[in-house]
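Tertiary structure, described
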Amino acid sequence: MERITYFDNAATSFPKPPAVAAAMSRYLNEVGGPYGRSAYTRAFDVSRTVEKTRDLLAQRMGTRHGDQVVFAPNATHAINLVLRSVLRKGGRVLISPLEHNAVTRPLAAFAEQYGVVFERMPHFADGRIDVNRLAEVVTGDTVLAVVNHQSNVNGVIQPLQQIKQQLGAVPLLVDASQTFGAIPVQVDDWAIDFLAFTGHKALLGPTGTGGLFMRDPAGLEPLIYGGTGSASESFTMPEEVPDRFEAGTPNIAGIYGLLAALQETPPCRHSREEYRRFIAELQSIPALKVLCAEHFDHQGDVFSLLQPGSDPATLGRRLFEDFGIETRIGLHCAPLAHQTLGTAASGTLRIGVSRYHAASDFTYFCDAVRTCIQP
């Protein structure tokens with residue numbers, strides 16, 4: 001396989017398995033037809049495919065309740081559905097110190113609209129939640145906790161099972177945008193209440209796909225109202241899940257592609273030890289600061305670089321212009337995370353690794369960085 005110089009997988013994964021495009025093309029050019037709206041062979045094919053995808057997603061996240069997995073255009077949509085439903089009467093929310101704007105912007109809006117109060121959980125210097133102190137901040141008016149499973153800035157993985165144990169009856173919403181498909185999660189065994197996910201990152205599926213697992217849909221309101229193909233005689237949304245939360249025609253072509261990604265996941269071309277050595281090699285360069293987990297056991301497939309005294313955009317531009325290496329520069333839609341990590345003024349150069357990267361790609365990246373930062 002040719003060298004992979006795309007390191008922006010935290011934004012969206014590339015390349016995709018060839019089967020993804022083939023499946024989407026098959027739907028657009030051969031299958032066609034609606035989902036859940038008609039009763040002929042073409043429509044049945046579509047409905048079977050959508051439900052098979054739903055079931056595989058449920059298996060991947062460790063739940064026996066596939067009907068409680070609803071499709072959405074992205075994780076942001078799913079997160080907003082939960083936040084607006086749970087917080088429309090106000091309340092106090094605990095969040096991790098590494099949240100993305102998909103969480104912090106709705107919370108800021110709901111603080112004005114509903115009087116919501118939100119605050120960060122106790123944490124260590126790298127942003128990992130200190131579970132031993134978590135019970136201290138859970139109060140009677142805490143109505144929700146939100147945790148980014150893996151930071152999209154330094155890649156710190158949060159201990160979801162231990163967090164939920166400390167939260168007790170407080171519902172936990174997990175943003176699994178960076179991890180679903182890369183890091184195992186067991187929503188039933190860990191008693192996770194809500195899990196928002198996207199299809200276009202670690203799952204290697206197309207953009208415009210994602211969804212939400214909801215342990216108890218009671219009390220949740222749809223974010224979008226409209227036709228579902230069921231209970232059409234009523235002006236109100238059906239009570240049945242998933243129909244209640246899936247108004248309008250879904251991204252059927254995208255779901256065909258997502259199913260192919262779930263069925264044709266390629267093997268990882270690098271080992272965990274090779275990834276560890278990649279980070280260690282960059283840490284050995286005196287002119288660089290590497291933002292990652294304090295302990296490698298807590299490290300996901302994302303981390304950032306900072307060259308003190310220099311704009312990260314300078315290094316990013318040189319890496320692309322001279323070596324064809326594609327990274328992400330800036331605040332990565334996560335200013336709270338940068339405030340926590342002390343990089344809000346400058347932002348960082350972010351590296352997002354995928355299963356397509358080989359150890360030779362890591363070596364190429366390190367050599368390129370050394371060349372770019374030479375005096």
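Each chain has its residues counted from 1, running along the sequence as written. For this predicted model, a pLDDT threshold of at least 70 governs which residues receive local features, and a threshold of 80 or more governs which side-chain atom pairs are given and counted, while totals over whole chains, interfaces and linings are taken from all residues. Processing note: side-chain calculations cover all non-hydrogen atoms of the structure and skip hydrogens and water entirely.

**Overview of the state of the cysteines**
Any two cysteine sulfur atoms lying within 2.5 Å of each other are counted as a disulfide. Tallied over the entire structure, the rule returns zero disulfides. Free cysteine: C268, not disulfide-bonded; nearest cysteine sulfur from C366 at 16 Å. The cut-offs for exposure are 20% and 50% of the maximum accessible area for each residue type, with area from a 1.4 Å probe on protein chains only; residues under the lower value are buried, those over the upper are exposed, and the others partly exposed. On the basis of relative accessibility, which here comes to 40%, the residue C268 falls in the partly exposed class.

**Some words on the packing of aromatic side chains**
The description of an aromatic ring pair uses the distance of the two centres, along with the angle that the planes make with each other. Pairing of aromatic rings covers Phe, Tyr and Trp, the last counted by its six-membered ring, and requires centre-to-centre distances within 6.5 Å; plane angles under 30 degrees mean stacked, over 60 mean edge-to-face, and any other angle means tilted. Scanning all chains against the criterion turns up 13 aromatic pairs. When the ring of Y6 is compared with that of F14, the centres are 5.6 Å apart and the planes differ by 70 degrees; the resulting orientation is edge-to-face. Judged by relative accessible area, which is 14%, Y6 ranks as buried. For the pair Y275 and F362, a centre-to-centre distance of 6.3 Å together with 50 degrees between the ring planes defines the contact as tilted. Taken together, the positions of Y275 in helix α8 (residues 272-283) and F362 in helix α11 (residues 359-372) put the pair 87 residues apart, joining distant regions of the chain. With respect to class, Y275 is no different from F362; both count as buried. Ring pairing ties together the aromatic residues F7, Y275, F278, F296, F303, F362 and F365, which thus form one cluster. Lysine and arginine charges are scored as sitting over a ring when NZ or CZ, respectively, is within 6 Å of the ring centre and within 35 degrees of the ring normal. A cation over an aromatic ring shows up here: R3 above the ring of Y364, its NZ or CZ 3.9 Å from the ring centre. Its guanidinium or amino end placed over the ring of F296, R272 lies 4.1 Å from that ring's centre, counting from NZ or CZ. Runs of E in the DSSP output that reach at least two residues are strands. Runs of H or I that reach at least four are helices, and both are numbered from the N terminus.

**Topic: α8**
Each residue after the first adds 1.5 Å to the expected span of a helix. End to end, α8 covers 17 Å across twelve residues, agreeing with the expected 16 Å (1.5 Å per residue, within 8%). Tucked inside the fold, the buried residues of α8 contact β8 (289-291), β9 (302-306), β11 (348-352) and α11. Contact criterion: two residues are considered in contact whenever any of their non-hydrogen atoms come within 4.5 Å of each other.

**Here's the deal with the environment of R26**
Considering the arrangement of structural elements, one finds R26 in helix α1 (residues 18-31). Given a relative accessible area of 35%, R26 falls into the partly exposed group. Spatially, the C-alpha atom of R26 lies 9.5 Å from that of G257, the residues being 231 residues apart in sequence.

**Examining the sheet that holds strand β1 (residues 69-72)**
Within the open sheet, the seven strands sit side by side as β1-β7-β6-β5-β4-β2-β3. Their pairing is mixed. Only two strands of the sheet have a single partner each, and these edge strands are β1 and β3 (117-120). Each adjacent strand pair in this sheet contributes to an overall mean axis angle of 20 degrees, direction not counted. The pairing of β1 with strand β7 (residues 210-214) spans four bridges and is antiparallel. Paired with V70 across the strands is L212, a residue of β7. Those strands touched by helix α3 (residues 75-87) are β1, β2 (92-95), β4 (142-148), β5 (172-175), β6 (194-198) and β7, and its axis lies near 155 degrees from that of β6. Interaxial angle, 0 to 180 degrees, is taken between N-to-C directions of lines fitted to C-alpha atoms, where a helix line uses only the stretch in contact. Contacting β2, β3 and β4, helix α4 (residues 101-114) runs over the sheet at an angle of about 160 degrees to β2. At least two DSSP bridges between two strands are needed for those strands to be called paired.

Honestly, it's all geometry; don't read function into it.
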